[in-house]
Amino acid sequence: MIAVEGLTKIYGNRTALDHVSFEVPEREIFGFVGPNGAGKTTTLRILAALLEPTEGKAYIGGADVMKEREKVHTRIGYMPDFFGVYDQLTVAEYLDFYAACYRQPKPRRQKIVDDLLALVGMADRKNQLVDTLSRGLKQRVCLARALVHDPAVLLLDEPASGLDPRARVEMREILKELQGMGKTIIISSHILPELTELCTMIGIIDHGRMRATGSVRDVIARLATGRRLRITVLDAKDAAIEILTPLASIRHVEAVNGTIEAEYDGDEGTAADILHALTGAGFRVSSFAPVDGGLEDAFLKATSEEVG
Amino acid sequence: MNPVARALWNPIVAKEYRTRMRTWRSPFAITVYVVLLGGLGWAVFAAMTSNLAGFGNQGLGGSSYGQYLFMFLIIFQVALLGFITPALTSGAISGERERQTIDLLFVTPLAPFSIIWGKLLASMSFVVLLLILSVPLFSLVFLFGGIEIDQVVYAFAVTGATALSLGFVGIAFSSLFRRTLPATVAAYGAAFVLLLGTYVYGYLFPVDIDPNANVVTAPPAITLVSPVIPLITIATNQPVSGYGTRYTQTQLSKLSSGGSYCAPTVNGGVMCSSTGPVYPSSGSQSPGTTLHTGLFNGWQYWQASIVMQLMICAVALAFSALILPPVRRFHLRRRRAPAPTPAPAPAPS
């Protein structure tokens, strides 16, 4: 559905994108991760036909973003990272205006606006002036705006930035619903746990270059240095560390805040063997769990590499 | 909806009407406009009546009365629109950029031309509203006579065309500059040049009167961009004597030595006098307001002015449509990307 081939963008002497390539099949949610200034927004703006690449091609549903801009615009819903709203317009009028811009027939617009406001949970604020809304609510209205023409693809640039935790959770719920509606979504974010839960695919970008791309599991497997366990033993923590250290599968063990963190190579069977070694030696293990931070590790590993 | 109707009536127009008329600024601007125009009309009227009371009727008949009132009102109206129109349009596009709403418009199927057109239509509708509101004031002129309805129509056409060109130029600067402040300064600068600069040009660089010509020499064509002279010719039914033309040294010495000077009249004849050309007051409108030489030979002053204004509009519109799109179709120079840098070392799996 989305294909990016060798995308390069140069601003003066600065290379914002350096031959970036990736593909997103239909109905996938592609998480675009990278530190600030990595090139996420530049890529999304090129995909939205708002920016011309210095080199490379990008396609939305087979349509070249540079040559078939009108087709691209009808297929995408774009939500920029920073956006403004108009004064003196109510939420319903605001959405109706964009629906008209997308050439939705007038008789249908009322229903579109009502449905979208229900989707983003703002039906009760239909007649409120849009510039008086809080940032979280403006984000929701902007998301609704991106959906007025029922696009197949959504390009969401940091949709959760600047939101409080509750608003962030609500935004995530809305995105899940959109996923259920069969949209292909590219979402850029620096909030990694959100992406782990939401995305089916991921791309890690840094200094304008794609460091890794593929399914979340693949990327973690490719980049993560090893799996991690957090183990709590009731007593004799140091003795437990001594038992774990010589094990062949263990790469590194350390005591962290009263627990033991062990990095190992292997699968779930290896983890079971480690647990067995501890209990077999008579240690009373009260907690034994994998540390859920694989994507974060992968991200840190990918972005800490030297460029070039 | 067919493409023409879509171009003329796009969603931006309706949105602009809503947002513009919901603020206090629009009623305030309308009130100030009408009060200023009415105030000037009253002042001119009062001055003329006091002259009449003080010095008796010195040939200033009722019809001249109407012409003077009309002339003052219409020129003051152009001056007011010269202040209002750039303010209406110079923030139209740059304001969207500053508000960070322009990208949201660019990702819709609306063509950049439609965006500019919508903004212009909305702004110009406000100007038309102001012109309509001034009609009752202008109708007072008919109390005195001396002005025909066609003169009012021509004068309003020139005024409308002037406002239109100022609006188009304002939009062009708004598309060019990222910020509203420089766009507004440039739009006012352009308005000053178009309204006054071209008028002053006639005094600074007049056309030499051809002694062999049997018609009145027209001022330089560029001076017709300013609506001042066309409006005066409409109000007075006469060309403005001495504007934009001059005698050569030989003609002047001939005049000072007491010789008679023969000059063409506005009706196409030749009149000789010892003091220079004399323009007889013309009963009908067209001969007195027709250009007999230059680029617009045979045209009326107001027609030439409107054509010049429309040409400015076309240039400004083309420029705006060219400069506005985020991704431009025409490139002077295309930057080549460097060869790809070596891929990063593969991460250990």
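Residues numbered from 1 in each chain as written. Chains lettered and ligands numbered in written order. Predicted model: local features only at pLDDT ≥ 70, side-chain atom pairs only at ≥ 80, totals over all residues.

The next thing to look at is the overall build of chain B. Across its full length, chain B holds 13 helices and four strands. Out of the 349 residues in chain B, the part that is buried amounts to 36%. Contacts spanning at least 24 positions in sequence make up 78% of the contacts within chain B whose residues lie at least 6 apart. (Helix = DSSP H or I, 4+ residues; strand = E, 2+ residues; numbered from the N terminus. Buried ≥ 20, exposed ≤ 12 C-beta atoms within 10 Å, placed from the backbone. Contact = placed C-beta atoms within 7 Å.)

Here the focus is the overall build of chain A. Helix and strand counts for chain A stand at 11 helices and 14 strands. With respect to the three principal axes, the spread of C-alpha positions in chain A is 75 × 45 × 30 Å. Residues counted as buried form 43% of the 308 residues belonging to chain A. Sequence separation of 24 or more characterises 68% of the internal contacts of chain A that already satisfy a separation of 6 or more.

The next point concerns the interface of chain A and chain B. Of the residues lining the interface, 42 residues belong to chain A; the matching set on chain B comes to 27 residues. Contributing elements (two or more residues each) for the side of chain A that touches chain B: β1 (2-11), β2 (14-24), α2 (69-75), β6 (76-79), α3 (91-101), β10 (209-215), α8 (216-223) and α11 (294-304) of chain A. In terms of residues, the side of chain A that touches chain B owes the most to one element, α3 of chain A, which gives five residues. Of the residues in the side of chain A that touches chain B, the class split is 21 nonpolar, eight polar and 13 charged. (Nonpolar A, V, L, I, M, F, W, Y, C, P; charged D, E, K, R; others polar.)

All names here are of chain A. Across the sheet, six strands lie side by side as β6-β7-β8-β3-β9-β10; this open sheet has mixed pairing. Since the sheet does not close on itself, it has two edges, and those belong to β6 and β10, each with one partner. Neighbouring strand axes in the sheet, compared pairwise and without regard to direction, differ in orientation by 15° on average. Of the strands in this sheet, β6 and β7 (153-157) touch helix α5 (residues 135-146), which is tilted by about 160° from β6. (Pairing = 2+ DSSP bridges. Axes fitted to C-alpha atoms, helices over the stretch in contact; angles between N-to-C directions.)

Of all 11 residues making up α3 of chain A, 10 are buried, and the element is well covered by its neighbours. Residues Val91, Ala92, Tyr94, Leu95, Asp96, Phe97, Tyr98, Ala99, Ala100 and Cys101 of chain A constitute the buried set of α3 of chain A. Buried positions along α3 of chain A lie against α4 (106-119) and α5 of chain A together with α2 (11-21) and α6 (102-106) of chain B. Of the residues flanking the end of α3 of chain A, it is arginine 103 of chain A, one or two places downstream, whose phi is positive at about 60°.

Before going further, it helps to spend a moment on the nonpolar core. Within soluble globular proteins, side chains that are nonpolar tend to cluster in buried spots. In this structure, Leu95, Leu155 and Ile186 of chain A are the most contacted members of the largest nonpolar core, which totals 144 residues. It is helix α8 (residues 149-176) of chain B that contributes the most residues to this core, 12 residues altogether. In this view, isoleucine 186 of chain A contacts Ile2, Val24, Phe30, Phe32, Leu44, Leu155 and Leu156 of chain A; residues no more than four positions away in its chain are not counted. Counting 12 residues, the second largest nonpolar core, distinct from the first, contains Ile231, Val233, Leu244 and Ala262 of chain A. (Core = buried A, V, L, I, M, F, W, Y, C linked by C-beta atoms within 7 Å.)

Now for the confidence of the model for chain B. Residues and elements named next belong to chain B. Residues at a pLDDT of 70 or more form 75% of chain B, whose mean pLDDT is 80. Counting interchain partners and residues more than four positions distant, the pLDDT-below-50 stretch residues 274-286 has 25 contacts. A low-confidence stretch, residues 343-349 stays under pLDDT 50, and its non-local contacts, those more than four residues away or across chains, total nine contacts. (pLDDT = per-residue confidence, 0-100.)

Before going further, it helps to examine the sheet that holds strand β11 (residues 227-233) of chain A. Residue and element names in this part refer to chain A. Spatial strand order, β12-β13-β11-β14: four strands in an open sheet with antiparallel pairing. Each edge of the open sheet carries a strand with a single partner, namely β12 (250-256) and β14 (285-290). Along the sheet, successive strands turn relative to each other by an average axial angle of 20°, direction set aside. Here β11 pairs with strand β13 (residues 259-264) via five bridges, running antiparallel. Following the sheet pairing, arginine 227 is matched in β13 by tyrosine 264. Across the face of the sheet, helix α9 (residues 237-244) comes into contact with β11, β12 and β13 while running at roughly 170° to β12. The strands touched by helix α10 (residues 268-280) are β11, β13 and β14; relative to β14, the strand with the most contacts, the crossing angle is about 165°.

Residue and element names in this part refer to chain B. Packing of α8 against helix α13 (residues 301-323) brings their axes to within 8 Å, and their N-to-C directions diverge by 20°. In terms of orientation, α8 lies roughly parallel with respect to α13. Both α8 and α13 take part in a crossing whose hand is left-handed. The residue inventory of the contact of α8 with α13, partitioned by class, reads 19 nonpolar, six polar and no charged. (Parallel < 35°, antiparallel > 145°, perpendicular 65-115°, else oblique. Left-handed = near helix turned anticlockwise from the far one by under 90°.)

Buried accessible area, meaning the area lost when the parts come together, often serves as the stated size of an interface. Split by domain assignment, chain A resolves into domain 1 (2-222) and domain 2 (225-293). Using only C-alpha atoms to locate each centre, domain 1 of chain A and domain 2 of chain A end up separated by 42 Å. (Domains from an automatic or database assignment.)

Our focus in this paragraph is the environment of serine 139 of chain B. Along the chain, the position of serine 139 of chain B falls in helix α7 (residues 112-139). Among the residues examined, serine 139 of chain B registers 10 C-beta atoms within 10 Å and is labelled exposed.

As a further point, take the pairing of β6 of chain A. Look at any regular strand and the pattern is simple: side chains alternate between the two faces of the sheet. All names here are of chain A. Side chains Ile76 and Tyr78 project from β6 onto one buried face, and the interleaved Gly77 and Met79 project onto a second face that is buried too. With four bridges joining them, β6 and β7 adopt parallel strand pairing. The residue bridging glycine 77 from the neighbouring strand is leucine 154, located in β7.

As a further point, take α4 of chain A. Residue and element names in this part refer to chain A. Given a rise of 1.5 Å per residue, 14 residues ought to cover 20 Å, and the 20 Å separating the end C-alpha atoms of α4 matches this to within 8%. For α4, the full list of buried residues reads Ile112, Val113, Leu116 and Leu117. Considered in projection along α4, the buried side chains sweep an arc of 120° and stay on one side of the axis. Exposed and facing more than 90 degrees away from the buried side of α4 are Pro107, Arg108, Gln110, Lys111 and Ala118. Packing partners of the buried residues in α4 comprise α3 and α5. Glycine 121, located one to two residues past α4, shows a positive phi value of around 70°. (Expected span 1.5 Å × (residues − 1). Arc of directions from axis to C-beta.)

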